[in-house]
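A look at the structure
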Amino acid sequence: MSGQIIVGFDGSEGSALALKWAATTAAQRARTLEIVTTWSMPAADVGLGASALVQQDLVDELRREARAANDEGLAIAAEIGANAFGEVVAGRPASAIVHRSEDAEMVVVGSHGSGGLTGFLLGSVSRQIATHASCPAVVVRPTGDSKDMVVGVDGSAHSLKALRWAFEQASFTGASLHVLHSWEIPPTWSMVEVPSYEPEVLIRDYGNAELRDTSEAMAGFRDDFPDVKVRQEVMKGSPVKALVKASDHAAMLVVGSRGLGGFRGLLLGSVSHAVVHKAACSVAVVP
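1. Comments concerning the overall build of the protein
The number of helices and strands found in the protein is eight helices and 10 strands. Going through the 287 residues of the protein one by one, you find that 49% of them count as buried. Sequence-distant contacts in the protein: of pairs separated by 6 or more residues, those separated by 24 or more amount to 77%. With an accessible surface of roughly 13,500 Å², the protein has 52% of that area assigned to carbon and sulfur atoms.

This is the structure we're talking about:
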């Protein structure tokens, strides 16, 4: 891992928001920022009969547009005080960022971009990057004045990595941390010799067990990051609904890319995908 932070930028409003967040984070963490702008040939616009000269003119134009956008990004990063360099890449944006994530500390994208010939951050692209990146991927959205961070946990290795990342980020930024554990009772039809309703004792025992597991997972992180103000919540219900609701009043939602699965699984790939799509704030997916 290089310790670099990588951000995709295409000049759009959404990518500018992502760039400013990434540049601020790079400056806070004393990391180098790589600004990546991609371009690719629009196959539908160049017919088979187009001359080589016409095709070359289009390639040159696309490269100029991408370079101009990248230079703009470098200027924004310099104003923020980040140590940044730029790269213009021929190819698809998701592939370019995912490939670079293998050696990065973090990748950052906007939730949407400009589209068109040099469009970088279409919604589907940001979700592809969040799903397949080898390092933590942050999808940046506009947020209000809140500095709160919400992190979903379930005791799995992935959610514990997400929890540590959230503590680190909260420590760098001075944010408070809302640790949320949502759980659901297994379907009673799948449980042997259990009535077809949710007995009060069963609900209580599940809730107590989840609270205990979450508290144990957090103990070490509290010691490592004593400056972070933490609020812990364990609740019964759908994990996606709980996390998306919590995102309404947060600056960032942090989830693991995978979880335990089964009855207690909180952060399955389908859940992390859902919160990237539905959350009202920025989302960090930690693999």
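The rest of the description comes next.
2. Things to note about the packing of aromatic side chains
On inspection of all chains with the given rule, the structure shows two aromatic pairs. A ring pair is formed by phenylalanine 167 and phenylalanine 221, whose centres lie 5.6 Å apart and whose planes are at 20 degrees; its orientation type is stacked. Of this pair, phenylalanine 167 sits in helix H5 (residues 157-173) while phenylalanine 221 sits in helix H6 (residues 200-224), and the two are 54 residues apart along the sequence. Summarising the aromatic geometry, the rings of phenylalanine 167 and phenylalanine 225 are spaced 5.7 Å apart at their centres and angled 25 degrees between planes, so their arrangement reads as stacked. Residue phenylalanine 167 is located in helix H5, and its partner phenylalanine 225 is located in the loop between H6 and strand E8 (230-236); the two are separated by 58 residues in the primary sequence. Here phenylalanine 167 falls in the buried class, since its relative accessible area comes to 0%.

3. Topic: the layout of surface pockets
Counted as a void, the largest pocket has a volume near 390 Å³. As for the largest pocket, its lining consists of 19 residues, and the residues nearest its centre are Trp21, Thr143, Thr173, Ala251 and Met252. Going through the elements one at a time, helix H1 (13-29) and H5 are the ones with two or more residues in the lining of the largest pocket. With six residues, the top contributor of residues to the lining of the largest pocket is H1. Split into classes, the residues belonging to the lining of the largest pocket amount to eight nonpolar, eight polar and three charged.

4. Structural notes on the packing of H1 against H5
Contact geometry of H1 with H5 gives a least axis separation of 10 Å together with a crossing angle of 85 degrees. Judged by the angle between their axes, H1 and H5 are roughly perpendicular. Contact residues: H1 offers Trp21, Thr25, Gln28 and Arg29, while H5 offers Trp165, Glu168, Gln169, Phe172 and Thr173. A breakdown of the residues in the contact of H1 with H5 according to their chemical character gives three nonpolar, four polar and two charged.

5. Remarks on the pairing of strand E6 (residues 149-152)
Where burial is concerned, the two faces of E6 agree: the one with Met149 and Val151 and the one with Val150 and Gly152 are both buried. Direction of pairing for E6 relative to strand E9 (residues 252-256): parallel, over a ladder of three bridges. Opposite valine 150, over in E9, you have leucine 253 as the bridge partner.

6. A short note on the nonpolar core
The biggest cluster of nonpolar side chains holds 40 residues, and the ones touching the most others in it are Leu33, Val108 and Val254. In terms of residue count, H1 provides more of this core than any other element does, seven residues in total. Ignoring any residue separated from it by four or fewer positions in sequence, one finds valine 254 in contact with Met149, Val150, Val151, Gly152, Ala162, Trp165, Ala166, Ala284 and Val286.

7. A closer look at the environment of alanine 69
Within the element layout of this structure, alanine 69 appears in helix H2 (residues 52-80). Through-space distance from the C-alpha of alanine 69 to that of valine 36 is 9.7 Å; in sequence the pair is 33 residues apart. The contacts of alanine 69, once residues within four sequence positions are left out, are Phe9, Asp10, Gly11 and Thr37.

8. Side note on H5
Taking 1.5 Å as the rise per residue, H5 with 17 residues should run 24 Å; its terminal C-alpha atoms sit 24 Å apart, in good agreement. Taken together, the buried positions of H5 are Ser159, Ala162, Leu163, Trp165, Ala166, Phe167, Gln169 and Ala170. The positive-phi residue at the C-terminal boundary of H5 is glycine 174, with phi of around 80 degrees.

9. Let's talk about the environment of valine 36
When you line up the elements, valine 36 lands in strand E2 (residues 32-39). Residue classification places valine 36 among the buried residues on the basis of a relative accessible area of 0%.

10. Brief notes about unusual backbone geometry
A positive phi angle, near 55 degrees, is found at alanine 30, a position not held by glycine. Position of alanine 30 among the secondary structure elements: in the loop between H1 and E2. The class for alanine 30 is exposed, based on a relative accessible area of 67%.

11. Remarks on the pairing of strand E5 (residues 137-140)
Every second residue of E5 is oriented toward a common face, with Ala137 and Val139 on one face and Val138 and Val140 on the other, all of them buried. Taken together, the four bridges between strand E4 (residues 106-110) and E5 define a ladder with parallel strand orientation. Opposite valine 109, over in E5, you have valine 139 as the bridge partner. Here E5 pairs with strand E10 (residues 282-286) via three bridges, running antiparallel. What sits directly across from valine 139, in E10, is valine 283.

The rules behind the values
Residue positions are counted from 1 within each chain, in the order its sequence is given. With pLDDT at 70 or above as the cut-off, local features in this predicted model cover only qualifying residues; side-chain atom pairs require 80 or more to be listed or tallied, and sums for whole chains, interfaces and linings still use all residues. Side-chain measures here rest on the full set of heavy atoms in the structure, leaving out hydrogens and waters. Helix and strand definitions follow DSSP, with helices as H or I runs of at least four residues and strands as E runs of at least two, each counted in order from the N terminus. Only protein chains enter the area calculation, which uses a 1.4 Å probe; residues under 20% of their type maximum are buried, those over 50% are exposed, and those in between are partly exposed. Note on contacts: a residue pair is in contact if any heavy atoms of the two residues lie within 4.5 Å. Here, Shrake-Rupley sampling with a 1.4 Å probe gives the accessible areas, and only protein chains in the shown set may cover a residue. For Phe, Tyr and Trp, where Trp contributes only its six-membered ring, two rings pair if their centres lie within 6.5 Å, and the inter-plane angle classes them as stacked under 30 degrees, edge-to-face over 60, or tilted in between. Put plainly, a pocket is an open set of points on a 1 Å grid over the protein atoms alone with protein on both sides within 12 Å along at least five of seven lines, a cavity is a set where a 1.4 Å probe fits but cannot get out, and a lining residue has an atom within 4 Å of a point. Grid points are joined across faces, edges and corners, and a volume is the space filled by probe spheres set on the points. Any residue that is not Ala, Val, Leu, Ile, Met, Phe, Trp, Tyr, Cys, Pro, Asp, Glu, Lys or Arg is counted as polar, Gly included; the first ten are nonpolar and the last four charged. Note on definitions: angles span 0 to 180 degrees between N-to-C directions of axes, and those axes are lines fitted to C-alpha atoms, for helices only across the stretch in contact. Relative orientations are named as follows: roughly parallel for angles under 35 degrees, roughly antiparallel for angles over 145 degrees, roughly perpendicular for angles from 65 to 115 degrees, and oblique for any other angle. Strands were regarded as paired on the criterion that DSSP finds at least two bridges between them. Only buried residues count toward a nonpolar core, which is a set of Ala, Val, Leu, Ile, Met, Phe, Trp, Tyr and Cys residues joined through side-chain atoms within 4.5 Å. Expected span of a helix, by definition, is 1.5 Å for each gap between consecutive residues, and there is one gap fewer than residues.

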